[in-house]
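Remarks on the overall topology
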Amino acid sequence: MLLGQVFVNNGGDMKEILEILEKDARTTPEEIAKMLKKGVSAVKNAIKKYEKEGVIVKYKTVVNRDILKDDVQKVRALIEVRVAPQRGHGFDHIAERIYRFPEVISCYLLSGSYDLLIVVEGRDIQEVSSFVSERLTTIDNVNSTVTHFILKRYKADGDILKRIERNHRVAISF
Amino acid sequence: MKISKIVEKIKPSGIREFFDLVIGMKDVISLGVGEPDFVTPWNICESAIFSLEKGYTSYTSNKGLYELRSAISKYLKNKYSLLYSPDDNMLITTGVSEAVDLVLRAILNRGDKILVPDPSYVSYEPVSELAGGRVILMKTSGKDDFKLTPVILKKYISGGVKAVVLNYPVNPTGVSYTRKELLALSKVFIEYDLIVISDEIYDELTYDFSHTPIATLPGMKQRTIYLNGFSKAFAMTGWRIGYACGPEEIISAMTKIHQYTMLCAPIMGQLGAIEALRGSANSVLEMKREYKRRREFIVSRLNEIGLECRMPEGTFYVFPSIKNTGMGSVDFAKKLLRKEKVAVVPGSAFGSQGEGYIRIAYASSMDNLKEAMTRIEHFLK
């Protein structure tokens, strides 16, 4: 793709607030107001509105526990789930039955050879296994599951978890 | 051993000592860096790694890889309707720095007068002198937003002026020119038959209006050498790839020098540049959006803490006035460094008209910028 003449235009659009908060949720309304040349109260109101509408779901921190040597490592598994959709509900109802469990940390509906992809977290392999055998496969309409234990996380939701040394620039230059 | 008179005459940079001070210090937040804080987009790096694996490690033609020249030609046509033939009107150089050197050597005879703005990027004056030119500094001032105008231009044009160095968006002030302002300048260039060396390396980093290459204005293409490169927009400073476009006789004169002094620009960089033009539009836009937010933030903060700062139109620099502190710019920078461990570049490094100002590069993370502004605020109290 060739570059066109590109403009950055904020207009009356407050969506850029989301972009800023997705990068760093600690950015204060005062700072955002400066970055976008808006009033502080306008920014605060926009954030409140996004929170109320559920556009902003919550604020949290990206943690890489692998670095904590003495930490009790939790185990995660990616589980492919085949289900039979229900009349009148499609996949939504059965998906909710599954994602309501706190052990399930992500849940997606997919196209392809299976239907739901869920990520389950547990204290150890046994805990995850028993979740699968006792809770998941026993739900009506769950036909079969395939469990893949996650061995290492390299990148999650856009964040590379390894620290990359980026400050190779000379301290001062013209 | 005796070195050449012409080199001996070149003024040593007045702030070398300050630079050494910065480099010798630890845990400094440096807002003195003239390059992006982003690393080169991964598609470019990945493509260069692949080329190395395939064994692309040789020289290229003197003018640079045809594929790259052709891609640049298309890019300029698409973006600016600026037409340059990859065969006759284009040379790939080792960064714009080399292109500046080549064009000055290609056009200047001993004693030819050349106009250079003050303040401006540090290389134009010494490199013009190395090429035998006589530099006439065009003083621009903070009162007039450091902008060149037809009136200022005419004040410095006298018999024998052959060329003018134009750079916009401007390092260090961040100033840029609208099409209308450029049109007014171009009329003077044409009236006095000047060659215009136009360094537009920061063109992609123009925030409030679309950048206009001066070569696209009526009567200008035949007298303009258009210089650009990949360092700033694509975050590729270390790859050292720039290019010069212009009339065939000047490009071939530049190529003559280039073939003996540089032979060709590094092939890895050239291959990376091809990928940059092919698939980096989104990365460039994303960096630009980020820079723009930082620009708004830093200008607002500087004015809030009492350093008067105009909103620059482009680059990743701001050039606030420090006159109300009563300190000189070198003094200010040294004290700020010692007391608060924040590095900025004294405005005087860019010419005598830069005195009373400092250059702050916002090519640094928001966290750094916030912390640096807090420290400068503390310093001023």
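Some remarks on the side chain of Lys232(B)
Residue and element names in this part refer to chain B. You can see Lys232 is positioned in the loop between strand 7 (224-229) and strand 8 (242-245). Looking at Lys232, its side chain comes within polar contact range of the side chain of Tyr202, at 3.3 Å. Aside from chain neighbours lying at most four places away, what touches Lys232 is Gly34, Pro36, Ile201, Tyr202, Leu205, Phe316 and Tyr317.

A word on the sheet that holds strand 11 (residues 345-346) of chain B
Residues and elements named next belong to chain B. Across the sheet, which stays open at both edges, the three strands sit in the order 9-12-11 with antiparallel pairing between neighbours. Two strands close off the open sheet at either side, each with one partner strand: strand 9 (317-318) and strand 11. Where strand 9 meets strand 12 (residues 358-361), two bridges bridge the pair, whose relative direction is antiparallel. Within the sheet, the bridge partner assigned to Val318 lies in strand 12 and is Ile360.

What about the packing of helix 2 (residues 29-36) of chain A against helix 3 (residues 40-53) of chain A?
Residue and element names in this part refer to chain A. Between helix 2 and helix 3, the shortest axis-to-axis distance is 8 Å and the interhelical angle comes to 115°. In terms of orientation, helix 2 lies roughly perpendicular with respect to helix 3. Of the two elements, helix 2 crosses helix 3, and the hand of that crossing is right-handed. Only Val40, Val43, Lys44 and Ile47 of helix 3 make contact with helix 2, whose side of the interface consists of Pro29, Glu30, Ile32 and Ala33. Residues belonging to the contact of helix 2 with helix 3 are distributed by class as follows: six nonpolar, no polar and two charged.

Considering the sheet that holds strand 2 (residues 104-109) of chain A
Residues and elements named next belong to chain A. Spatially, 2-3-1-4 is the arrangement adopted by the four strands of the open sheet, whose pairing is antiparallel. Single-partner strands in this sheet number two, and they are strand 2 and strand 4 (142-149). Ignoring strand direction, the axes of neighbouring strands in this sheet form an average angle of 20°. As defined by bridge partners, strand 2 adjoins strand 3 (residues 116-122) across five bridges and the pair is classed as antiparallel. The residue of strand 3 that forms the bridge with Leu109 is Leu116.

Rules used in this analysis
The residue numbers shown here count from 1 along each chain, following its written sequence. Note on labels: chains are lettered from A, ligands numbered from 1, in written order. Thresholds applied to this predicted model are a pLDDT of at least 70 for local features of residues and 80 or more for the giving and counting of side-chain atom pairs; totals over whole chains, interfaces and linings are not thresholded and use all residues. The side-chain numbers reported here are obtained from all heavy atoms of the structure, hydrogens and water having been left aside. Note on conventions: DSSP H or I runs of at least 4 residues are helices, E runs of at least 2 residues are strands, and numbering of each starts at the N terminus. N or O atoms within 3.5 Å of each other form a polar contact, as long as, within protein, one can give a hydrogen and the other can take it, and as long as residues adjacent in sequence are counted only when both atoms are side-chain atoms. Only heavy atoms enter the contact rule, under which two residues are in contact if any of them lie within 4.5 Å. Two strands qualify as a pair provided that DSSP identifies no fewer than 2 bridges between them. Angles run from 0 to 180 degrees between N-to-C directions of axes, and those axes are lines fitted to C-alpha atoms, restricted for helices to the stretch in contact. The cut-offs work like this: below 35 degrees is roughly parallel, past 145 is roughly antiparallel, 65 to 115 is roughly perpendicular, and the gaps in between are oblique. The handedness criterion is simple: a crossing whose near helix is rotated anticlockwise from the far helix by less than a right angle is left-handed, and one whose near helix is rotated clockwise is right-handed. Residues are grouped as follows: Ala, Val, Leu, Ile, Met, Phe, Trp, Tyr, Cys and Pro are nonpolar; Asp, Glu, Lys and Arg are charged; all remaining types, including Gly, are polar.

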